[in-house]
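What the coordinates show
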Amino acid sequence: MYDLALSDEILMAVEKPSRYIGHEINMVEKDPKSVDIRFAMCFPDVYEIGMSYLGIQILYDMFNRREDTYCERVYSPWPDLDRIMREKDIPLFTLETQSPVKDFDFLGITLQYEMCYSNILQVIELSGFPIYAKERTKEHPIVIGGGPCVYNPEPIADFFDIFYIGEGEVSYDRLFVLYKEYKNSDMSREDFLHEASKIKGIYVPSMYEVSYNEDNTVKEIKVKYEDVPATVKKVIVTDFNNTSYPMKPVVPFLRATQDRVVLEVMRGCIRGCRFCQAGMIYRPTRQKDVELLKKYANEMLDNTGYEEISLSSLSTSDYLSLKELLDYLMDEMEKKHVNVSLPSLRIDAFSLEVMKKVQDIKKVSLTFAPEAGTQRMRDVINKGITEENILKGSQDAFKGGWNKVKLYFMLGLPTETDEDAEGIAYLAEKISELYFETVPKEERVGSLQITASASYFVPKPFTPFQWAPMLPRDEYVARARHVKDTFNQQLNKKRLKFSYHDQDISVLEGVFARGDRRLSKVIYDAYKAGAIFDAWTEFFSMERYYKAFADNGIDYKFYTERERDITEVFPWDHIDAGVSKKFLIKEWEAAREGRVTSNCRDKCQGCGSASFGSGVCFGA
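Cut-off values and rules
- Residues numbered from 1 in each chain as written.
- Predicted model: local features only at pLDDT ≥ 70, side-chain atom pairs only at ≥ 80, totals over all residues.
- Heavy atoms only, no water.
- Core = buried A, V, L, I, M, F, W, Y, C linked by side-chain atoms within 4.5 Å.
- Buried < 20%, exposed > 50% of the residue type's maximum accessible area, 1.4 Å probe, protein only.
- Axes fitted to C-alpha atoms, helices over the stretch in contact; angles between N-to-C directions.
- Helix = DSSP H or I, 4+ residues; strand = E, 2+ residues; numbered from the N terminus.
- Parallel < 35°, antiparallel > 145°, perpendicular 65-115°, else oblique.
- Left-handed = near helix turned anticlockwise from the far one by under 90°.
- Contact = heavy atoms within 4.5 Å.
- Nonpolar A, V, L, I, M, F, W, Y, C, P; charged D, E, K, R; others polar.
- Phe/Tyr/Trp six-rings, centres within 6.5 Å; stacked < 30°, edge-to-face > 60°.
- Pairing = 2+ DSSP bridges.

Here we look at the nonpolar core
Core analysis: the biggest nonpolar cluster contains 132 residues, and Leu-107, Ile-120, Ile-162, Leu-175, Phe-192 and Tyr-545 have the highest contact counts within it. Core analysis: the next-biggest nonpolar cluster, separate from the first, contains 36 residues, Ile-385, Ala-397, Leu-411 and Ala-425 among them.

A few points about the packing of helix H15 (residues 473-488) against helix H16 (residues 503-513)
How two helices sit against one another is set out by the angle between their axes and by the gap between those axes. For the pair H15 and H16, interaxial distance at closest approach is 9 Å and the crossing angle is 135°. As far as their axial angle goes, H16 and H15 are oblique. Between H15 and H16 lies a crossing whose hand is right-handed. Taking contact as the criterion, the partners of Arg-473, Tyr-476 and Val-477 in H15 are, on H16, Gln-503, Asp-504 and Val-507. Residues that form the contact of H15 with H16 fall into these classes: three nonpolar, one polar and two charged.

Overview of the packing of aromatic side chains
Across all of its chains, the model carries 43 aromatic pairs by this definition. Measuring from centroid to centroid gives 5.5 Å for Tyr-117 and Phe-512, while their planes differ by 35°, and the two rings are tilted. Separated by 395 residues along the polypeptide, Tyr-117 in helix H5 (residues 117-127) and Phe-512 in helix H16 bring together distant segments of the chain. Across the pair, Phe-512 and Tyr-117 agree in class, each one buried.

A word on unusual backbone geometry
Following Arg-283, the chain continues to Pro-284 via a peptide bond in cis, the omega torsion being -5°. Despite not being glycine, Asn-216 shows a phi value in the positive range, around 80°. One can find Asn-216 in the loop between strand S7 (208-212) and strand S8 (218-223). Positive phi is not limited to glycine here, since Thr-415 has a value of about 70°. Position of Thr-415 relative to the elements: it lies in the loop between strand S16 (404-411) and helix H14 (418-438). What makes Thr-415 partly exposed here is its relative accessible area of 36%.

Here we look at the sheet that holds strand S15 (residues 366-371)
Sheets are built from strands that pair by backbone hydrogen bonding, the pairs being arranged parallel or antiparallel. With parallel pairing, four strands are arranged side by side in an open sheet as S15-S16-S17-S18. With partners counted over all chains shown, the strands left at the sheet margins are S15 and strand S18 (496-500), one partner each. Between one strand axis and the next, the sheet turns through 20° on average, direction left out of account. Relative to strand S17 (residues 449-456), S16 runs parallel, the two being bridged by eight bridges.

Function cannot be read off these values alone, since they describe shape.
Listed below in structure tokens is the structure:
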């Protein structure tokens, strides 16, 4: 038991003090003096969000199984505590031992979304060591980043010593062995980073130099030493059944965003949606054995006391043993009074039959993601569903007793026209009409509600749309309002609702997604001007970033509104996600021609992921 880093007076003065006290169920306790490596694992957002992330739970469990390592957790302090910590000069601390982060060997930060970048600087600064990596010495922690944003980490490269490219179960052992050698020798920080850069999946930005053309595009990315790899290829788990998984996940004191046991049934996705970065960077698709999942489910429920279990993957409907797993879970969970949650299902009869089995499912809405309002647009993005699929799925849902449907769309997709945007409203209207045609008046329970929401398209690295321009900021708003007006013209408008996202957050996300190292100073300046929790609309201010862009002589539209030539050198071209640029170019051309590409199980498209020797590429 450790003394709390915050006094009772401070804890009583902040919102949700249980975010900061640790001592949760299944928290790992070790003697810090008995280990060689102390690793502070950080999710740069508030506790409730970070505690919902499976990736940290996996690494936390994996690291703490090592006798030589103690992994502890740290999250971004909410603004009320942030202010107090600065006023009273309290260093950022971990939950397990309430120890200052600056005393750790590693600060590992997961990078799940671009809008957390200002919080990364908050975490480092509150920890009490230099924000810029070049200013750190051997006495400071090694700052390492992982997660989807590392596939273009260049906008935050100046703040990190290392980026881990790929799945964390693979290369940390080698890195830790090297670190212990570094820690117990006269090896310099530069020497350690140089040697670390030779480990598979380890990208050390200080080992690479970037030059630019007069038009501000990247000219060249060169290594500083001959023995540093010119490209860093991601690492993946090839034997998905024989890898670490947390049987005793930490259970938070307060309700987290994902407050349940999570079963990861599959990694990767076979579908190939052209806007989806996750569907590309997590290739190839690998499945977990159904018998193993049954065992995991029972053990994790026994160890946590949760009353809900969720299946996790990018496309759960594509898990080949889903029916067997669900039949087992529904039978077992009913005995234990545990609910089963099923996200990421496709619009088809099988998925709806599955949903009917889930306890209390009729109390909630059914969620579909058509992504686009017209068939032409769905073919452009390679969504792989037709309007007939959507209407048939909706009809089956209405027959099954649902009367609330949520629809997710994107606006501003490549080649999108006004007709495509209006199609969102027309599709929602068709679904509402189908309800009244399908369900007799005397059988209707409650009122129909069709809720459609639209986010704005943001091109991401390692997708076929990485060459595409974004719409100008004002055009996003105009297009969304036009769609809303079209909704108001529909016959069943009282049954329809339409909402859309904040355009400024999407624009800034677009800048960071395809940005280069020159943006590090922009992020730093915006942070110093007060930027924090940018993913939260109540704290976000685009004005801070406009000023930071101007102060650094950067036109943000260079990163968003410009279509790239296929010959352009990208800031992330020295990262290898396992999907070849040749394949992505082919898909970019197919998108502009409105051609559909079959999924990985129907036909291999030669994307390059077979080089990993695993998963769906080999029929597994």
